[in-house]
Amino acid sequence: MDERRKTGIWGEILAVRYLRQAGYRILMTNFRAGTSEVDIVAKKGNLICLVEVKTRSPGAMLSPAENVDREKQRRVLGASSAVLRLYAPDAQLRFDIAEVIFSDPKNYRINYIKNAF
């Protein structure tokens, strides 16, 4: 497995941990519906969050959130109807980004952006 993929996996693990500590229940990770995808589906009360996780090392040229382009947003938005059908048709839906910036798994910070797009 290449370093970029390992970094992404660590970022998702840390984002899940962050969300759980913030009181969210993780419904699913790496959710796919056709060509649509979302990294984390989390629920808190009547709110379902579709969370895109972007992980970077310090000093990257772009912030992690800047890498969530229109195509990535389209794929996350495309998953929303399937997520609502599966988990809670009457729930509120929010699209968030978890920026995970670290140099190693024990030294990281998370910038959680609610209503990112």
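As the structure is a computational prediction, the values presented were derived from the model and not from experiment.

**Observations concerning the pattern of salt bridges**
Oppositely charged side chains can form a pair if their charged atoms are brought close together.
And step 1. Overall, the coordinates contain 6 salt bridges when judged by the stated rule.
And step 2. E37 serves as the salt-bridge partner of R75, at 3.4 Å between the closest nitrogen and oxygen. One end of the pair, R75, is in helix α2 (residues 70-87); the other, E37, is in strand β2 (residues 36-44), and 38 residues separate them in sequence.
And step 3. E37 sits in the buried class, given a relative accessible area of 18%.
And step 4. A salt bridge links E71 to R74; its shortest N-O distance comes to 2.5 Å. With E71 and R74 both in helix α2 and 3 residues apart, the pair spans about one turn of that helix.
And step 5. Looking at E71, the relative accessible area reads 36%, which means it is partly exposed.
And step 6. Overlapping salt bridges bring together R32, E37, E71, R74 and R75 as one network.

**Remarks on the environment of G11**
And step 1. Along the polypeptide, G11 turns up in helix α1 (residues 3-21).
And step 2. G11 sits 90 residues away from I101 along the chain, and the two C-alpha atoms are 8.1 Å apart.
And step 3. Those residues in contact with G11, other than ones at most four positions away along the chain, are V53, T55 and V100.

**Topic: the pairing of β2**
And step 1. Of all 9 residues making up β2, 8 are buried, and the element is well covered by its neighbours.
And step 2. As paired strands, strand β1 (residues 25-33) and β2 are joined by 7 bridges and run antiparallel to one another. For T29, the partnering residue across the bridge sits in β2 and is I40.
And step 3. Here β1 hands over to β2 after 2 residues, with G34 in that stretch at a positive phi of 65°.
And step 4. Judged from the 5 bridges that link them, β2 and strand β3 (residues 47-56) form a sheet pairing that is antiparallel.

What counts as what
Residues numbered from 1 in each chain as written. Predicted model: local features only at pLDDT ≥ 70, side-chain atom pairs only at ≥ 80, totals over all residues. Heavy atoms only, no water. Salt bridge = Lys/Arg side-chain N within 4 Å of Asp/Glu carboxyl O. Helix = DSSP H or I, 4+ residues; strand = E, 2+ residues; numbered from the N terminus. Buried < 20%, exposed > 50% of the residue type's maximum accessible area, 1.4 Å probe, protein only. Contact = heavy atoms within 4.5 Å. Pairing = 2+ DSSP bridges.

This is a description of form; function is not addressed.
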